[in-house]
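Below are the chains, spelled out letter by letter.
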Number of protein chains: 2
Amino acid sequence: MKTLFQYNWQVRNDWFAWCEDVPEDELLKARIGGVGGILETLFHIVYMEYSWIHSVMQGKAEFEQEPFEAYRSVRQVRDLSIQFHAEVEPFVKLWSSEMELKELTLLRNNGEWITYKHGEIMRHVIAHEIHHIGQLSVWAREIGREPITANLLRRGLFD
Amino acid sequence: MKTLFQYNWQVRNDWFAWCEDVPEDELLKARIGGVGGILETLFHIVYMEYSWIHSVMQGKAEFEQEPFEAYRSVRQVRDLSIQFHAEVEPFVKLWSSEMELKELTLLRNNGEWITYKHGEIMRHVIAHEIHHIGQLSVWAREIGREPITANLLRRGLFD
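On a predicted model such as this, the values are computed, not experimentally measured, just so you know. (Residues numbered from 1 in each chain as written. Chains lettered and ligands numbered in written order. Predicted model: local features only at pLDDT ≥ 70, side-chain atom pairs only at ≥ 80, totals over all residues. Heavy atoms only, no water.)

A. Examining the interface of chain B and chain A more closely. With 35 residues of chain B at the contact, the number on the chain A side is 35 residues. Between chain B and chain A, the buried area comes to about 3200 Å², and carbon and sulfur atoms account for 72% of it. A per-residue breakdown of the area chain B buries against chain A is headed by H131, L153 and F158 of chain B, which together make up 21% of the total. Across the chain B-chain A interface, the total number found is zero salt bridges. At the junction of chain B with chain A, the criterion picks out eight residue pairs in polar contact (both at pLDDT 80 or more). Those elements that provide at least two residues to the side of chain B that touches chain A are α1 (2-19), β2 (113-117) and α5 (118-142) of chain B. No other element matches α5 of chain B, which puts 16 residues into the side of chain B that touches chain A. When the residues that make up the side of chain B that touches chain A are grouped by side-chain class, the tally is 18 nonpolar, nine polar and eight charged. (Contact = heavy atoms within 4.5 Å. Buried area = accessible area lost by both parts, 1.4 Å probe. Salt bridge = Lys/Arg side-chain N within 4 Å of Asp/Glu carboxyl O. Polar contact = N/O pair within 3.5 Å; in protein donor to acceptor, adjacent residues only side chain to side chain. Helix = DSSP H or I, 4+ residues; strand = E, 2+ residues; numbered from the N terminus. Nonpolar A, V, L, I, M, F, W, Y, C, P; charged D, E, K, R; others polar.)

B. Expanded view of the relation of the copies chain B and chain A. Taken as rigid bodies, chain B and chain A are interconverted by a rotation of 180° and an axial shift of 0.0 Å, the fit giving an RMSD of 0.0 Å. These values place the two chain copies in the arrangement generated by a two-fold rotation axis. Most of the interface of chain B is mirrored in chain A, where 100% of its interface residues again form contacts. (Least-squares fit on C-alpha atoms with pLDDT ≥ 70 in both.)

C. Structural detail: the environment of E20 of chain B. All names here are of chain B. With respect to the helices and strands, the residue E20 is situated in the loop between α1 and α2 (24-28). Put simply, E20 and R75 are 55 residues apart on the chain and 9.1 Å apart in space, counted from C-alpha to C-alpha. Look past the residues within four positions of E20 in its chain and what remains in contact with it is V74 and R78.

D. Spotlight on helix α3 (residues 38-57) of chain B. Residue and element names in this part refer to chain B. Between the first and last C-alpha of α3 there are 27 Å, a value that for 20 residues agrees with the 28 Å anticipated at 1.5 Å per step. At S51, α3 shows its largest bend, some 35°. For α3, the tally of buried residues reaches 18 of 20 residues, placing the bulk of the element in the interior. The first or second residue beyond α3 is G59, which carries a positive phi of 65°. (Expected span 1.5 Å × (residues − 1). Bend = angle between axes of the 7 residues up to and from the residue. Buried < 20%, exposed > 50% of the residue type's maximum accessible area, 1.4 Å probe, protein only.)

E. Geometry of the UniProt feature "binding site: a divalent metal cation" (unreviewed entry) in chain A. All names here are of chain A. Taken from the UniProt record, the annotation "binding site: a divalent metal cation" (unreviewed entry) applies to H44, H128 and H132. Across 89 residues, the annotated set stays spatially compact, with a maximum C-alpha separation of 10.0 Å. Residue placement: H44 occurs in helix α3 (residues 38-57). Residues contacting H44, with those up to four places away along its chain left out, are V35, H128 and H132. With respect to the secondary-structure elements, H132 resides in helix α5 (residues 118-142). (UniProt positions renumbered as here; feature names shortened; annotations may be inferred.)

F. Expanded view of the packing of α3 of chain B against helix α4 (residues 74-93) of chain B. All names here are of chain B. Packing of α3 against α4 leaves a shortest axis separation of 9 Å and a crossing angle of 25°. When the interaxial angle is binned, α3 and α4 end up roughly parallel. Considering how the two elements wind past one another, α3 and α4 form a crossing that is left-handed. In contact with L39, L42, F43, V46, Y47, E49, Y50, I53, H54 and M57 of α3, α4 contributes V74, V77, L80, S81, F84, E87, V88, F91 and V92. (Axes fitted to C-alpha atoms, helices over the stretch in contact; angles between N-to-C directions. Parallel < 35°, antiparallel > 145°, perpendicular 65-115°, else oblique. Left-handed = near helix turned anticlockwise from the far one by under 90°.)

G. Looking closely at unusual backbone geometry. Residue and element names in this part refer to chain A. The phi torsion at R154 lies on the positive side, around 60°, for a residue other than glycine. Within the secondary structure layout, R154 lies in the segment after α5. Look at R154 and you get partly exposed, because its relative accessible area is 39%.

H. A look at α1 of chain B. If you check α1 of chain B, its first and last C-alpha atoms are 26 Å apart, about what 18 residues at 1.5 Å a residue would give, namely 26 Å. Taken together, the buried positions of α1 of chain B are T3, L4, F5, Y7, N8, W9, V11, R12, W15, F16, W18 and C19 of chain B. Looking at the buried side of α1 of chain B, the elements it contacts are α1 (2-19) and α5 of chain A together with α2, α3, α4 and α5 of chain B.

I. Quick look at the packing of aromatic side chains. Residues and elements named next belong to chain B. For the structure on display, the rule yields 22 aromatic pairs over all chains. Judged by centre distance (5.7 Å) and plane angle (45°), the ring pair of Y47 and F63 falls under tilted. Of this pair, Y47 sits in helix α3 while F63 is found in the loop between α3 and α4, placing the two residues 16 residues apart along the sequence. Y47 gets classed as buried once you look at its relative accessible area, which sits at 13%. (Phe/Tyr/Trp six-rings, centres within 6.5 Å; stacked < 30°, edge-to-face > 60°.)

J. Region of interest: the pairing of strand β1 (residues 103-107) of chain B. Residues and elements named next belong to chain B. Examined bridge by bridge, β1 and β2 share five bridges and lie antiparallel to one another. When the sheet's bridge partners are listed, L107 is paired in β2 with W113. What sits between the antiparallel neighbours β1 and β2 is a turn of five residues, in which G111 has the positive phi angle 90°. (Pairing = 2+ DSSP bridges.)

In C-alpha coordinates:
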(Lines give C-alpha, C1' and ligand atoms only; values in the text may rest on other atoms or scores of the structure.)
Protein backbone atom coordinates (compact mmCIF):
# COMPACT_ATOMS: atom_id res chain seq x y z
CA MET A 1 0.00 0.00 0.00
CA LYS A 2 2.63 2.51 1.10
CA THR A 3 4.81 1.78 -1.93
CA LEU A 4 2.10 2.79 -4.38
CA PHE A 5 1.50 6.04 -2.50
CA GLN A 6 5.24 6.74 -2.57
CA TYR A 7 5.21 6.02 -6.28
CA ASN A 8 2.34 8.43 -6.85
CA TRP A 9 4.02 11.17 -4.84
CA GLN A 10 7.28 10.77 -6.76
CA VAL A 11 5.52 10.81 -10.12
CA ARG A 12 3.39 13.81 -9.11
CA ASN A 13 6.48 15.79 -8.12
CA ASP A 14 8.14 14.84 -11.40
CA TRP A 15 5.10 16.26 -13.20
CA PHE A 16 5.29 19.52 -11.24
CA ALA A 17 8.92 19.85 -12.32
CA TRP A 18 7.91 19.01 -15.89
CA CYS A 19 5.32 21.81 -15.79
CA GLU A 20 8.07 24.36 -15.12
CA ASP A 21 9.24 24.09 -18.72
CA VAL A 22 5.80 24.26 -20.31
CA PRO A 23 4.15 27.58 -21.22
CA GLU A 24 1.38 28.41 -18.76
CA ASP A 25 -1.26 28.68 -21.47
CA GLU A 26 -0.62 25.05 -22.41
CA LEU A 27 -1.03 24.03 -18.76
CA LEU A 28 -4.31 25.92 -18.47
CA LYS A 29 -5.73 25.09 -21.88
CA ALA A 30 -9.00 23.16 -21.80
CA ARG A 31 -8.45 19.64 -23.12
CA ILE A 32 -10.62 16.65 -23.96
CA GLY A 33 -10.76 13.86 -21.35
CA GLY A 34 -9.43 14.20 -17.82
CA VAL A 35 -10.36 17.17 -15.65
CA GLY A 36 -10.24 20.38 -17.63
CA GLY A 37 -6.57 20.48 -18.56
CA ILE A 38 -3.08 19.65 -17.33
CA LEU A 39 -2.90 21.87 -14.24
CA GLU A 40 -6.52 21.36 -13.26
CA THR A 41 -6.01 17.58 -13.41
CA LEU A 42 -3.04 17.91 -11.06
CA PHE A 43 -5.17 20.10 -8.76
CA HIS A 44 -7.89 17.45 -8.87
CA ILE A 45 -5.45 14.66 -7.92
CA VAL A 46 -4.11 16.70 -4.99
CA TYR A 47 -7.55 17.66 -3.78
CA MET A 48 -9.06 14.16 -4.05
CA GLU A 49 -6.28 12.44 -2.10
CA TYR A 50 -6.64 15.00 0.69
CA SER A 51 -10.40 14.84 0.68
CA TRP A 52 -10.55 11.05 1.05
CA ILE A 53 -7.72 10.60 3.51
CA HIS A 54 -7.87 13.75 5.61
CA SER A 55 -11.52 14.70 5.57
CA VAL A 56 -13.52 11.55 4.89
CA MET A 57 -11.46 8.77 6.49
CA GLN A 58 -10.17 10.78 9.44
CA GLY A 59 -13.19 13.04 9.76
CA LYS A 60 -11.05 16.16 9.89
CA ALA A 61 -11.91 19.56 8.46
CA GLU A 62 -12.83 19.68 4.81
CA PHE A 63 -10.88 21.81 2.42
CA GLU A 64 -12.78 24.96 1.67
CA GLN A 65 -13.02 23.82 -1.89
CA GLU A 66 -12.18 27.02 -3.57
CA PRO A 67 -12.59 26.52 -7.25
CA PHE A 68 -9.56 25.71 -9.33
CA GLU A 69 -9.74 29.33 -10.48
CA ALA A 70 -7.87 30.28 -7.28
CA TYR A 71 -4.94 27.94 -8.13
CA ARG A 72 -4.11 28.71 -11.72
CA SER A 73 -0.32 28.52 -11.46
CA VAL A 74 2.11 25.63 -11.02
CA ARG A 75 3.44 27.26 -7.85
CA GLN A 76 0.02 27.45 -6.25
CA VAL A 77 -0.96 23.86 -7.07
CA ARG A 78 2.41 22.56 -5.95
CA ASP A 79 2.21 24.53 -2.72
CA LEU A 80 -1.23 23.06 -2.11
CA SER A 81 0.18 19.59 -2.80
CA ILE A 82 2.97 20.17 -0.25
CA GLN A 83 0.48 21.49 2.32
CA PHE A 84 -1.90 18.56 1.87
CA HIS A 85 0.89 16.02 1.72
CA ALA A 86 1.93 16.97 5.26
CA GLU A 87 -1.58 15.98 6.39
CA VAL A 88 -1.87 12.82 4.29
CA GLU A 89 1.56 11.24 4.72
CA PRO A 90 1.30 10.41 8.47
CA PHE A 91 -1.91 8.48 7.87
CA VAL A 92 -0.35 6.48 5.05
CA LYS A 93 2.82 5.80 7.04
CA LEU A 94 0.79 4.47 9.97
CA TRP A 95 -1.34 2.25 7.73
CA SER A 96 -1.49 -1.37 8.86
CA SER A 97 -3.35 -4.43 7.69
CA GLU A 98 -5.74 -4.19 10.66
CA MET A 99 -7.19 -1.07 9.06
CA GLU A 100 -8.15 -2.84 5.82
CA LEU A 101 -11.67 -3.82 6.82
CA LYS A 102 -12.56 -0.85 9.02
CA GLU A 103 -15.88 0.46 7.80
CA LEU A 104 -16.96 3.95 6.89
CA THR A 105 -20.58 4.81 6.13
CA LEU A 106 -21.30 7.80 3.94
CA LEU A 107 -24.29 9.56 2.46
CA ARG A 108 -23.83 9.65 -1.29
CA ASN A 109 -24.92 12.56 -3.46
CA ASN A 110 -27.83 10.46 -4.71
CA GLY A 111 -29.21 10.20 -1.16
CA GLU A 112 -28.17 6.59 -0.55
CA TRP A 113 -26.10 5.47 2.42
CA ILE A 114 -23.11 3.35 1.49
CA THR A 115 -20.45 1.56 3.51
CA TYR A 116 -16.88 1.33 2.30
CA LYS A 117 -13.91 -0.48 3.77
CA HIS A 118 -10.85 1.67 4.49
CA GLY A 119 -8.72 -0.62 2.32
CA GLU A 120 -11.12 -0.09 -0.56
CA ILE A 121 -10.84 3.69 -0.28
CA MET A 122 -7.04 3.60 -0.09
CA ARG A 123 -6.82 1.58 -3.29
CA HIS A 124 -9.34 3.86 -4.94
CA VAL A 125 -7.13 6.87 -4.16
CA ILE A 126 -4.07 5.07 -5.59
CA ALA A 127 -5.80 4.04 -8.82
CA HIS A 128 -7.42 7.47 -9.19
CA GLU A 129 -4.06 9.24 -9.33
CA ILE A 130 -2.38 6.75 -11.68
CA HIS A 131 -5.37 6.92 -14.03
CA HIS A 132 -5.30 10.72 -14.27
CA ILE A 133 -1.52 10.73 -14.73
CA GLY A 134 -2.09 8.46 -17.72
CA GLN A 135 -4.29 11.19 -19.18
CA LEU A 136 -1.54 13.77 -18.67
CA SER A 137 0.83 11.56 -20.64
CA VAL A 138 -1.40 11.76 -23.73
CA TRP A 139 -1.72 15.53 -23.46
CA ALA A 140 2.04 15.87 -23.06
CA ARG A 141 2.58 14.07 -26.36
CA GLU A 142 -0.12 16.19 -27.98
CA ILE A 143 1.96 19.29 -27.25
CA GLY A 144 5.11 17.57 -28.48
CA ARG A 145 6.70 16.88 -25.12
CA GLU A 146 7.94 13.67 -23.56
CA PRO A 147 5.78 12.71 -20.56
CA ILE A 148 7.14 11.69 -17.17
CA THR A 149 7.76 7.95 -17.15
CA ALA A 150 5.11 5.85 -15.41
CA ASN A 151 7.69 3.14 -14.74
CA LEU A 152 7.61 2.04 -11.10
CA LEU A 153 10.88 0.10 -11.38
CA ARG A 154 14.25 1.67 -10.59
CA ARG A 155 12.71 4.43 -8.43
CA GLY A 156 14.37 3.16 -5.27
CA LEU A 157 11.00 2.26 -3.78
CA PHE A 158 12.28 -1.09 -2.50
CA ASP A 159 15.78 -0.12 -1.42
CA MET B 1 -2.15 -6.63 -4.07
CA LYS B 2 -4.81 -9.06 -5.28
CA THR B 3 -7.51 -6.40 -5.15
CA LEU B 4 -5.71 -4.11 -7.57
CA PHE B 5 -5.21 -7.00 -10.01
CA GLN B 6 -8.92 -7.85 -9.72
CA TYR B 7 -9.70 -4.19 -10.36
CA ASN B 8 -7.51 -4.14 -13.47
CA TRP B 9 -9.08 -7.32 -14.83
CA GLN B 10 -12.60 -5.96 -14.33
CA VAL B 11 -11.76 -2.65 -15.96
CA ARG B 12 -9.99 -4.38 -18.84
CA ASN B 13 -13.02 -6.56 -19.53
CA ASP B 14 -15.26 -3.50 -19.40
CA TRP B 15 -13.07 -1.93 -22.06
CA PHE B 16 -13.29 -5.02 -24.27
CA ALA B 17 -17.08 -4.78 -24.03
CA TRP B 18 -16.87 -1.04 -24.76
CA CYS B 19 -14.86 -1.80 -27.90
CA GLU B 20 -17.74 -3.86 -29.30
CA ASP B 21 -19.71 -0.68 -29.99
CA VAL B 22 -16.85 1.25 -31.57
CA PRO B 23 -16.08 1.04 -35.29
CA GLU B 24 -12.97 -1.01 -35.89
CA ASP B 25 -11.19 1.76 -37.74
CA GLU B 26 -11.40 3.93 -34.61
CA LEU B 27 -9.93 1.08 -32.54
CA LEU B 28 -7.05 0.64 -34.97
CA LYS B 29 -6.41 4.30 -35.76
CA ALA B 30 -2.95 5.52 -34.78
CA ARG B 31 -3.20 8.01 -31.92
CA ILE B 32 -0.85 10.31 -30.04
CA GLY B 33 0.41 9.06 -26.65
CA GLY B 34 -0.05 5.50 -25.43
CA VAL B 35 0.90 2.55 -27.58
CA GLY B 36 -0.25 3.07 -31.15
CA GLY B 37 -3.99 3.23 -30.63
CA ILE B 38 -6.87 1.85 -28.59
CA LEU B 39 -6.66 -1.83 -29.49
CA GLU B 40 -2.88 -1.91 -29.60
CA THR B 41 -2.74 -0.38 -26.10
CA LEU B 42 -5.04 -3.15 -24.85
CA PHE B 43 -2.81 -5.71 -26.56
CA HIS B 44 0.22 -4.11 -24.89
CA ILE B 45 -1.41 -4.30 -21.43
CA VAL B 46 -2.30 -7.97 -21.92
CA TYR B 47 1.13 -8.86 -23.21
CA MET B 48 3.08 -6.98 -20.53
CA GLU B 49 1.21 -8.55 -17.62
CA TYR B 50 1.81 -12.01 -19.05
CA SER B 51 5.42 -11.31 -19.85
CA TRP B 52 6.32 -10.12 -16.33
CA ILE B 53 4.31 -12.66 -14.38
CA HIS B 54 4.45 -15.77 -16.54
CA SER B 55 7.75 -15.49 -18.34
CA VAL B 56 10.01 -13.29 -16.21
CA MET B 57 8.92 -14.03 -12.63
CA GLN B 58 8.09 -17.69 -13.12
CA GLY B 59 10.67 -18.36 -15.82
CA LYS B 60 8.12 -20.05 -18.05
CA ALA B 61 8.00 -19.94 -21.82
CA GLU B 62 7.96 -16.55 -23.45
CA PHE B 63 5.14 -15.53 -25.69
CA GLU B 64 6.22 -15.79 -29.29
CA GLN B 65 5.78 -12.08 -29.55
CA GLU B 66 4.00 -11.94 -32.82
CA PRO B 67 3.54 -8.35 -33.73
CA PHE B 68 0.28 -6.66 -32.93
CA GLU B 69 -0.44 -7.01 -36.66
CA ALA B 70 -1.58 -10.59 -35.95
CA TYR B 71 -4.20 -9.40 -33.40
CA ARG B 72 -5.99 -6.58 -35.11
CA SER B 73 -9.52 -7.38 -33.89
CA VAL B 74 -11.25 -7.06 -30.54
CA ARG B 75 -12.01 -10.77 -30.55
CA GLN B 76 -8.38 -11.74 -31.05
CA VAL B 77 -7.04 -9.42 -28.34
CA ARG B 78 -9.75 -10.49 -25.92
CA ASP B 79 -9.07 -14.16 -26.64
CA LEU B 80 -5.39 -13.55 -25.97
CA SER B 81 -6.33 -11.81 -22.73
CA ILE B 82 -8.44 -14.81 -21.65
CA GLN B 83 -5.66 -17.22 -22.58
CA PHE B 84 -3.00 -15.26 -20.69
CA HIS B 85 -5.28 -14.61 -17.75
CA ALA B 86 -5.53 -18.36 -17.12
CA GLU B 87 -1.75 -18.40 -16.72
CA VAL B 88 -1.44 -15.23 -14.66
CA GLU B 89 -4.34 -15.57 -12.22
CA PRO B 90 -3.03 -18.59 -10.23
CA PHE B 91 0.21 -16.76 -9.50
CA VAL B 92 -1.63 -13.67 -8.28
CA LYS B 93 -4.03 -15.75 -6.19
CA LEU B 94 -1.15 -17.53 -4.47
CA TRP B 95 0.69 -14.28 -3.78
CA SER B 96 1.73 -13.86 -0.15
CA SER B 97 3.72 -11.28 1.76
CA GLU B 98 6.69 -13.66 1.97
CA MET B 99 7.16 -13.20 -1.78
CA GLU B 100 7.56 -9.41 -1.53
CA LEU B 101 11.33 -9.35 -1.20
CA LYS B 102 12.24 -12.35 -3.33
CA GLU B 103 14.89 -11.22 -5.78
CA LEU B 104 15.10 -11.58 -9.53
CA THR B 105 18.21 -10.61 -11.46
CA LEU B 106 17.83 -9.68 -15.10
CA LEU B 107 20.01 -8.52 -17.96
CA ARG B 108 18.61 -5.24 -19.22
CA ASN B 109 18.62 -4.23 -22.86
CA ASN B 110 21.43 -1.79 -22.13
CA GLY B 111 23.68 -4.66 -21.03
CA GLU B 112 23.47 -3.99 -17.29
CA TRP B 113 22.42 -6.57 -14.73
CA ILE B 114 19.70 -5.41 -12.39
CA THR B 115 17.98 -6.98 -9.39
CA TYR B 116 14.30 -6.40 -8.72
CA LYS B 117 12.14 -7.51 -5.83
CA HIS B 118 9.04 -9.52 -6.74
CA GLY B 119 6.85 -7.02 -4.88
CA GLU B 120 8.32 -4.23 -6.96
CA ILE B 121 7.50 -6.01 -10.21
CA MET B 122 3.94 -6.79 -9.11
CA ARG B 123 3.26 -3.12 -8.34
CA HIS B 124 4.86 -2.11 -11.61
CA VAL B 125 2.46 -4.37 -13.50
CA ILE B 126 -0.51 -2.90 -11.60
CA ALA B 127 0.49 0.73 -12.21
CA HIS B 128 1.36 0.00 -15.84
CA GLU B 129 -2.17 -1.13 -16.65
CA ILE B 130 -3.94 1.68 -14.80
CA HIS B 131 -1.71 4.23 -16.52
CA HIS B 132 -2.47 2.95 -20.02
CA ILE B 133 -6.19 2.73 -19.24
CA GLY B 134 -6.03 6.42 -18.35
CA GLN B 135 -4.75 7.04 -21.86
CA LEU B 136 -7.69 5.12 -23.35
CA SER B 137 -10.08 7.37 -21.43
CA VAL B 138 -8.76 10.45 -23.23
CA TRP B 139 -9.01 8.79 -26.63
CA ALA B 140 -12.56 7.67 -25.86
CA ARG B 141 -13.60 11.28 -25.23
CA GLU B 142 -11.80 12.36 -28.39
CA ILE B 143 -14.11 10.13 -30.42
CA GLY B 144 -17.13 11.39 -28.50
CA ARG B 145 -17.68 8.33 -26.31
CA GLU B 146 -17.93 7.98 -22.57
CA PRO B 147 -14.97 6.01 -21.21
CA ILE B 148 -15.23 3.11 -18.77
CA THR B 149 -15.18 4.44 -15.23
CA ALA B 150 -11.87 4.15 -13.39
CA ASN B 151 -13.69 4.17 -10.06
CA LEU B 152 -12.52 1.32 -7.84
CA LEU B 153 -15.39 1.78 -5.37
CA ARG B 154 -18.65 -0.12 -5.67
CA ARG B 155 -17.13 -2.90 -7.79
CA GLY B 156 -17.70 -5.54 -5.14
CA LEU B 157 -13.96 -5.97 -4.66
CA PHE B 158 -14.29 -6.03 -0.86
CA ASP B 159 -17.53 -7.96 -0.49
